[in-house]
Amino acid sequence: MNEKDENEKNQVIGGTLYLVSTPIGNMADISSRAVKVLSEVDFVAAEDTRHTGLLLSRLGISRPMMSYYEENKRSAGDKIISRLLSGESCALCTDAGTPAISDPGADIVRDAVKAGINVTAVPGACAAVTALSISGADTKSFVFYGFLPTENTPRGKITDEISRERRTVILYEAPHRLKRTLGELKASCGGERGAALCRELTKLNEEVIRGTLDELIQKYEDIEPRGEYVIVLHGAAPRDGALEWEGLSVKEHVEAYISSGMNQMDAIKAAARDRGVPKGEIYKKYAVRQ
Ligand code: SAM
C-alpha cells in the first residue's frame, strides 16, 4: 500500500463498523491504528463498558459508549445498526482479543453487511492464532473449535470428531475445565497424541507446555490450572492402511479401497471408519450413486 492509500485507509469514516482488536494481556499490543480509530469514532460498543472504559482511560481516550454483549445483542445490535445507517461510526470491542472470535460480534457483522454498511477490521491479538504460532504443531492447516460445549452428548460427538481430525485443532478452555477436557481428549485421541498448552499468552506468566496428552495430564496431577489457556492438539496420524481420502466423494472413496483389493463390504466399512459415520450411511450413499 502506498502512503496515500495508507492515509486514506486510516481515515475514520462515518457509517462504518470497525471491529477493533484489543490486547489479550500485554497492553503494548494495542496498535496505533486501534488507538486512532478508538479516539475518533462516534461511539464505542463494548462487551463490557467498564472493562473497555478502563482501556480507553489508560489510552487517554474518552468516547461515548454503549453495551453490546451476548444477552443484549439483538436489541443493542438494532440500535447500533440504526446509528450506523444514520452516518455514525462505531468501534466494536470485546474484553480481549478479536471481536467475533468466541466473542460477540458475528451477528452484528452479518446484520451490518445485510444492511449494506461498510465493515472493516482493525486487526490485533487473537489468542488462537498466537497460540498456534508458537505451539510447534503443524500450522499449514488447522481447525478452530473455540470452547467445547459443556453438555456430555455434543461434547462427546465433538471429541470423537476431533480424534479423527487430521488438521491441527485449536480449543479455548477455562482453567476449571482444563483437566476434564484433557482427560476426554485422551479418551478419544489416546494419551500419545501431541499437544501444547498455551497459558497466559503475552502476560508475565506466559508458559507453553508441549508434550503428549499423557504428559500434560501428568503435569496437572497435583496442581490446579490457573489463568487462561489455549489447547493446540496435533492432528491425527493416518490409520495403518487407511487411504488419503480427503476431497474424495463417498463413491470415489469406496472405489479407491476396492481398487486396492478389498471386497465391496470391507471397502464400505473402511470408508465408514475413515469418515466416522455408520457403515449403513456409506452403503446408502454408495448404492444410490451406483
Ligand atoms: N476473542 C478472543 C480472542 O481473539 O482470542 C477470545 C475470547 S474468549 C471469550 C476467551 C478465551 O480465549 C479464554 O478462555 C482463553 O481460552 C483464550 N485466551 C484469551 N486470552 C488468552 C491468553 N492471554 N492466553 C491464553 N489464552 C487466552
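Before reading on, note that the structure itself is shown above.
Since this is a predicted model, take the numbers as computed values, not measurements. (Residues numbered from 1 in each chain as written. Predicted model: local features only at pLDDT ≥ 70, side-chain atom pairs only at ≥ 80, totals over all residues. Heavy atoms only, no water.)

(A) Summary view of the packing of helix H4 (residues 73-85) against helix H5 (residues 106-114). Relative orientation of the contacting elements H4 and H5 amounts to 40°, with a least axis distance of 10 Å. What the angle tells us is that H4 and H5 run oblique. Between H4 and H5 the crossing geometry is right-handed. Across from Lys-73, Gly-77, Ile-80 and Ile-81 in H4, the residues of H5 making contact are Asp-107, Ile-108, Asp-111 and Ala-112. Class assignment of the residues belonging to the contact of H4 with H5 gives a composition of four nonpolar, one polar and three charged. (Axes fitted to C-alpha atoms, helices over the stretch in contact; angles between N-to-C directions. Helix = DSSP H or I, 4+ residues; strand = E, 2+ residues; numbered from the N terminus. Parallel < 35°, antiparallel > 145°, perpendicular 65-115°, else oblique. Left-handed = near helix turned anticlockwise from the far one by under 90°. Contact = heavy atoms within 4.5 Å. Nonpolar A, V, L, I, M, F, W, Y, C, P; charged D, E, K, R; others polar.)

(B) Up close: helix H11 (residues 264-275). Helix length check: H11, at 12 residues, gives a terminal C-alpha distance of 17 Å against a target of 16 Å (1.5 Å per residue), a fit within 8%. Every buried residue of H11 is listed here: Ala-267, Ile-268, Ala-270, Ala-271, Ala-272 and Asp-274. Those residues of H11 hidden inside the fold are in contact with helix H7 (152-164), helix H10 (250-259) and helix H12 (279-288). Count one or two residues on from H11 and you reach Gly-276, which has phi positive near 65°. (Expected span 1.5 Å × (residues − 1). Buried < 20%, exposed > 50% of the residue type's maximum accessible area, 1.4 Å probe, protein only.)

(C) Just the site of the ligand, in detail. Around the ligand sit 19 residues, and of these Thr-98, Ile-101, Ala-127, Tyr-172 and Tyr-229 come closest. Here a nitrogen atom of the ligand and a backbone polar atom of Ile-24 are 2.9 Å apart. Between the ligand and Leu-201 there is a distance of 2.9 Å, counted from a nitrogen atom to a backbone nitrogen or oxygen. Expressed as a share of its isolated accessible area of 570 Å², the protein-covered part of the ligand is 90%. Breaking the shell around the ligand down by element, the ones donating at least two residues are strand E7 (168-173) and strand E10 (229-233). Each residue belonging to the shell around the ligand can be placed in one class, and the counts come to 11 nonpolar, three polar and five charged. (Near = heavy atom within 4 Å. Polar contact = N/O pair within 3.5 Å; in protein donor to acceptor, adjacent residues only side chain to side chain. Areas by Shrake-Rupley, 256 points an atom, 1.4 Å probe, with all protein chains shown as cover.)

(D) Layout of the sheet that holds strand E9 (residues 207-212). In spatial order, the strands read E6-E7-E10-E8-E9; together these five strands make up an open sheet with mixed pairing. Single-partner strands in this sheet number two, and they are strand E6 (142-147) and E9. On average, adjacent strands in this sheet sit at an angle of 15° to one another, irrespective of strand direction. One ladder, built from six bridges, connects strand E8 (residues 194-199) with E9; its direction is antiparallel. Bridge pairing links Cys-198 to Val-208 in E9. Running at roughly 10° to E10, helix H8 (residues 178-189) makes contact with E7, E8 and E10 of the sheet. (Pairing = 2+ DSSP bridges.)

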